[in-house]
Amino acid sequence: KVDAQALIQAAGSCRNRLMQPLIMLALETGMRRGELLSLDWDGVDFKNHQISLQKTKSGYLRQIPMTHSSESVLQGLWQPSEGQGGLVFDLSPNAVRLAFGRIRQGCGLTGVRFHDLRHEAISRWFERGLTMPEVAAISGHTSRTQLMRCSHADTKALANKIRRWLSS
């Protein structure tokens, strides 16, 4: 389990102003670092509340529905007066790696990797009741085995659920 709030809070004081929205969007969308860094504004559809990824690990187009939070993050970055175009996050993978290292160090989460944010997002979708096909459609996983490797049940929530079920 990733302490998302600690990461988001620590990223708020990062010199790179794009790190906090990058982390927040990773947690909301389950997008990989490379997908986030290759996302351009043409792939952000505020009208239909979805993100279209052209460049994915599998090579297939993927549509990601926007949550209210992810849409808010993207709207906060959108600057229509500049004739917006190009990349949403104009950062290099190395810049993200270094900044994320400082952020996790600052909040004492040294064992957390950026990819763990994807796992956290996928686990949250299952906890919110999405089905395996729905999660796979959003995450881009093509096999059940791959998908299950990325999800991690919240054992505390699971224990509460079982206790409620047994007491009824």
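None of these values were measured; they are calculated from a predicted model.

**Q** Please give an account of the overall build of the protein that cites residues and values.
**A** Along the protein, the regular secondary structure elements total nine helices and three strands. Starting at the N terminus and ending at the C terminus, the protein contains elements arranged as α-α-α-β-β-β-α-α-α-α-α-α. Counting every position in the protein, which comprises 168 residues, the buried fraction comes to 42%. Long-range contacts, defined as pairs at least 24 residues apart, comprise 59% of the intrachain contacts of the protein with a sequence gap of at least 6. Accessible surface for the protein amounts to roughly 9,800 Å². Of this, 51% is attributable to carbon and sulfur atoms.

**Q** Tell me what's going on with the pattern of salt bridges, and back it up with residues and numbers.
**A** One pass over the structure, following the stated rule, counts four salt bridges. In this structure, E35 and R62 form a salt bridge, with 3.0 Å as the shortest nitrogen-oxygen distance. Of this pair, E35 sits in helix α3 (residues 33–38) while R62 sits in strand β3 (residues 62–65), and the two are 27 residues apart along the sequence. Summarising the burial analysis for this pair, E35 and R62 share the class buried. The salt bridge involving D116 is made with R113; its shortest N-O contact spans 2.8 Å.

**Q** Explain the pairing of strand β2 (residues 50–53) to me, and be specific about the residues and the numbers.
**A** Sheet topology note: the strand β1 (residues 44–45)/β2 ladder contains two bridges and is antiparallel. When the sheet's bridge partners are listed, V44 is paired in β2 with I51. The antiparallel hairpin formed by β1 and β2 contains four residues in its connecting segment, where H49 sits at a positive phi of about 55°. Pairing between β2 and β3: four bridges, direction antiparallel. Among the inter-strand pairings, S52 is bridged to a residue of β3, identified as Q63.

**Q** Would you mind going over the packing of aromatic side chains in detail, with residue names and values included?
**A** With the rule as written, the count across this model stands at three aromatic pairs. Plain terms: the ring middles of F100 and F114 are 5.3 Å apart, the flat faces sit at 75° to each other, and that makes the pair edge-to-face. Of this pair, F100 sits in helix α5 (residues 93–106) while F114 is found in the loop between α5 and α6 (115–127), placing the two residues 14 residues apart along the sequence. Taken together, the ring pairs connect W41, F46 and W78 into an aromatic cluster.

**Q** Help me get a handle on unusual backbone geometry, residues and values and all.
**A** Although it is not a glycine, H49 sits at a positive phi angle of roughly 55°. Among the structural elements, H49 can be located in the loop between β1 and β2.

**Q** Can you lay out the sheet that holds β1 for me, pointing to particular residues and giving the numbers?
**A** Taken together, the three strands give an open sheet; going across it, the order is β1-β2-β3, and neighbouring strands pair in antiparallel fashion. Each having just a single partner strand, β1 and β3 make up the two edges of the open sheet.

**Q** I'd like to hear about the nonpolar core, residue by residue, with values.
**A** Residues L7, M19, L22, I23, F89, F114 and L117 are the most contacted members of the largest nonpolar core, which totals 43 residues. Only α1 (4–12), α2 (19–29), α3, β2, α4 (68–77), α5, α6 and α7 (132–139) provide two or more residues apiece to this core. Leaving out residues up to four positions away in the same chain, L117 has contacts with V2, L7, I23, A26, L27 and F100.

**Q** Can you tell me about α6, naming the residues and giving the values?
**A** Taking 1.5 Å per residue, 13 residues should reach 18 Å; α6 reaches 19 Å between its end C-alpha atoms and fits that length. Counting buried residues along α6, ten of its 13 residues qualify, which places the element largely inside the surrounding structure. Within α6, burial applies to D116, L117, R118, H119, E120, A121, I122, S123, R124 and W125. The positive-phi residue at the C-terminal boundary of α6 is G129, with phi of around 100°.

Calculation notes
- Residues numbered from 1 in each chain as written.
- Predicted model: local features only at pLDDT ≥ 70, side-chain atom pairs only at ≥ 80, totals over all residues.
- Heavy atoms only, no water.
- Helix = DSSP H or I, 4+ residues; strand = E, 2+ residues; numbered from the N terminus.
- Buried < 20%, exposed > 50% of the residue type's maximum accessible area, 1.4 Å probe, protein only.
- Contact = heavy atoms within 4.5 Å.
- Areas by Shrake-Rupley, 256 points an atom, 1.4 Å probe, with all protein chains shown as cover.
- Salt bridge = Lys/Arg side-chain N within 4 Å of Asp/Glu carboxyl O.
- Pairing = 2+ DSSP bridges.
- Phe/Tyr/Trp six-rings, centres within 6.5 Å; stacked < 30°, edge-to-face > 60°.
- Core = buried A, V, L, I, M, F, W, Y, C linked by side-chain atoms within 4.5 Å.
- Expected span 1.5 Å × (residues − 1).

None of the figures reported here should be taken as evidence of function without further support.
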